Amino acid sequence: MIKIRNATAADCARLLELIKELATYEKAPQEVTVSLEHFTESGFGENPVWWAFVAEEDNIVQGFALYYIRYSTWKGQRMYLEDILVTEAMRGRGLGKLLFDKLIEEAKLKGFNGIVWQVLEWNEPAINFYKKYGAHFDAEWINCSMEIN
């Protein structure tokens, strides 16, 4: 039986394993540099900056969706979906849909006016999943980032 629930601090080690699995799938395993301590503090410390849901079967976390609040000067508060992942062995069993539906429910409950995220242009399975929800794909914007050392 699959259970969707709020992530807890006790889930952080498993979540980090799954994040590393996602990074490997996205061909960037070396990019995961966050420590377990920083990750846990950021989600469950005095001032959490992220929240997550986990998909669990037989008490094993098999997937997760992690989000934070993004503020748009044009739209207001929006949910930013940082990562959603279902383990390779569990794909095709509806866990992704359960997690995404839970995100939509949470966004409505918290009064967010939308959900935004990124998907790699070559990730056809994910793109096709998001199309089922009527997602808008915006080719106009270029992603930017920089490291602060």
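Trainee: Kindly report on the sheet that holds strand β2 (residues 51-57), identifying the contributing residues and their values.
Mentor: Strand order in the open sheet made by the 5 strands is β1-β2-β3-β4-β5, with mixed pairing throughout. Unpaired on one side and paired on the other, β1 (2-6) and β5 (115-116) mark the two borders of the sheet. Across 2 bridges, the pairing between strand β4 (residues 76-86) and β5 is parallel. Within β5, the position partnered with Y80 by the bridge is V116. On top of the sheet, helix α1 (residues 12-25) reaches β2, β3 (60-72) and β4; it is set at about 80° to β3, its chief contact.

Trainee: Just give me the short version of the pattern of salt bridges, but keep the residues and values in it.
Mentor: Here the structure, examined in full by the defined rule, presents 7 salt bridges. Ionic pairing is found between R5 and E56, a salt bridge with its closest N-O pair at 2.8 Å. Here E56 lies in strand β2 and R5 lies in strand β1, a separation of 51 residues in the sequence. Overall, the relative accessible area of 18% leaves R5 in the buried class. Given a relative accessible area of 10%, E56 falls into the buried group. Ionic pairing is found between E106 and K110, a salt bridge with its closest N-O pair at 3.3 Å. Overall, K110 belongs to the partly exposed group, its relative accessible area being 39%.

Trainee: Let's hear about unusual backbone geometry: which residues, and what values?
Mentor: Although it is not a glycine, D58 adopts a positive phi angle of roughly 50°. Within the element layout of this structure, D58 appears in the loop between β2 and β3. The backbone phi angle of N59 is positive, close to 65°, even though this residue is not glycine. Using a relative accessible area of 69% as the deciding quantity, one classes N59 as exposed.

Trainee: Requested: an account of the nonpolar core, with residues and values cited.
Mentor: Counting 20 residues, the largest nonpolar core has M79, L81, I84, L99, F100, L103 and Y130 as its most contacted members. Of all the secondary structure elements, the ones that give two or more residues to this core are β2, β3, β4, α3 (95-109) and α4 (124-131). Here this core takes 5 residues from α3, the largest share from any one element. The next biggest cluster of nonpolar side chains, apart from the first, holds 15 residues, and it includes L16, F64, L66 and L85.

Trainee: An account of α4 is requested, with residue identities and associated values reported.
Mentor: Since the α-helix advances by 3.6 residues per turn, residues separated by three or four positions end up pointing in the same direction. Within the sequence span of α4, burial applies to A126, I127, F129 and Y130. One face of α4 carries all of its buried residues, which in axial projection span an arc of 160°. Turning to α4, the residues buried within the fold contact β4 and α3.

Thresholds, definitions, all that
Residues numbered from 1 in each chain as written. Predicted model: local features only at pLDDT ≥ 70, side-chain atom pairs only at ≥ 80, totals over all residues. Heavy atoms only, no water. Pairing = 2+ DSSP bridges. Helix = DSSP H or I, 4+ residues; strand = E, 2+ residues; numbered from the N terminus. Contact = heavy atoms within 4.5 Å. Axes fitted to C-alpha atoms, helices over the stretch in contact; angles between N-to-C directions. Salt bridge = Lys/Arg side-chain N within 4 Å of Asp/Glu carboxyl O. Buried < 20%, exposed > 50% of the residue type's maximum accessible area, 1.4 Å probe, protein only. Core = buried A, V, L, I, M, F, W, Y, C linked by side-chain atoms within 4.5 Å. Arc of directions from axis to C-beta.

Take it as geometry only, folks, not as evidence of what the structure does.
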